[in-house]
Every structure is written in structure tokens, then in C-alpha cells.
Amino acid sequence: MLRVTSKLQVTLPKALAEVIRVVPPRRKVPTLDLEARLRLFEGATERQKRRQAGAHLRRAARDRGWRREDLYSRGRTR
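Residues numbered from 1 in each chain as written. Predicted model: local features only at pLDDT ≥ 70, side-chain atom pairs only at ≥ 80, totals over all residues. Heavy atoms only, no water.

Right, let's get into the overall build of the protein. Counting its secondary structure elements, the protein contains four helices and two strands. For the protein, the N- to C-terminal ordering of α and β elements is β-β-α-α-α-α. When each of the 78 residues of the protein is scored for burial, the buried share is 4%. Carbon together with sulfur atoms contributes 56% to the accessible area of the protein, which is approximately 8600 Å² in total. (Helix = DSSP H or I, 4+ residues; strand = E, 2+ residues; numbered from the N terminus. Buried < 20%, exposed > 50% of the residue type's maximum accessible area, 1.4 Å probe, protein only. Areas by Shrake-Rupley, 256 points an atom, 1.4 Å probe, with all protein chains shown as cover.)

Written out as C-alpha cells, the structure is:
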């Protein structure tokens, strides 16, 4: 039997409480107009272009004088 306390809290029977799942409501995200969404998209596109332009610099840094395979055989006698 359900009970409502003086603080307006509800007490549920254990069998019912094991079945019910309470999910808090989601926060409402403010809706952006089309122009604002396009500005965000353009900004993300520019950042991606800059990342891709600098990718050749990261590839060059991979030549570090050792290989991954060297790590597995380091310290072992052959």
C-alpha cells in the first residue's frame, strides 16, 4: 500500500520499488538559430583544417630513432 508522508514523500512497497526506475528530467538545451549553428559549424571546419594542415609535422616527429619492436626485445637475451 502506498503512503504519503507529511513531507509529501511517497513510500512504495518493496516489490513495486524494485520494478520502478526513476529517471531525472534532462536539462533543456537552448535551441540555436540557423545563423548561430552555421557559425559553430564554420568554426569547427576551420579547426579541422588547421589540424589536418599540421598533421605532416606530427608524422615527421614519429622518426624518433627507435621502433616499437625494439621495446619488446629490449633487455632480453637472444
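Of note in the backbone geometry, L8 takes a positive phi value of approximately 65 degrees without being a glycine. For L8, the position within the fold is in the loop between β1 (3-4) and β2 (10-11).

The next point concerns the pattern of salt bridges. Taken as a whole and assessed by the stated rule, the structure comprises one salt bridge. Between E46 and K49 there is a salt bridge, and its shortest N-O distance comes to 3.9 Å. Note that E46 and K49 are positioned in helix α2 (residues 34-53) at a spacing of three residues, about one turn of the helix. Looking at E46, the relative accessible area reads 38%, which means it is partly exposed. (Salt bridge = Lys/Arg side-chain N within 4 Å of Asp/Glu carboxyl O.)

Turning next to a nonpolar patch on the surface. Taken together, the side chains of L2, V4, L8, V10, L12, L16, V19, I20 and V22 define a hydrophobic patch exposed on the protein surface, amounting to about 900 Å² of accessible area. Mapping L16 onto the fold places it in helix α1 (residues 14-17). (Patch = residues over 30% accessible without salt bridge, like charges linked within 9 Å, V, L, I, M, F, W, Y side chains within 5 Å.)

On to the confidence of the model for the protein, then. Mean pLDDT over the protein: 83, with 85% of residues reaching 70 or higher. Here helix α3 (residues 55-61) stands out as the least confident element of the protein, with mean pLDDT 64; α2 is the most confident, with 93. (pLDDT = per-residue confidence, 0-100.)

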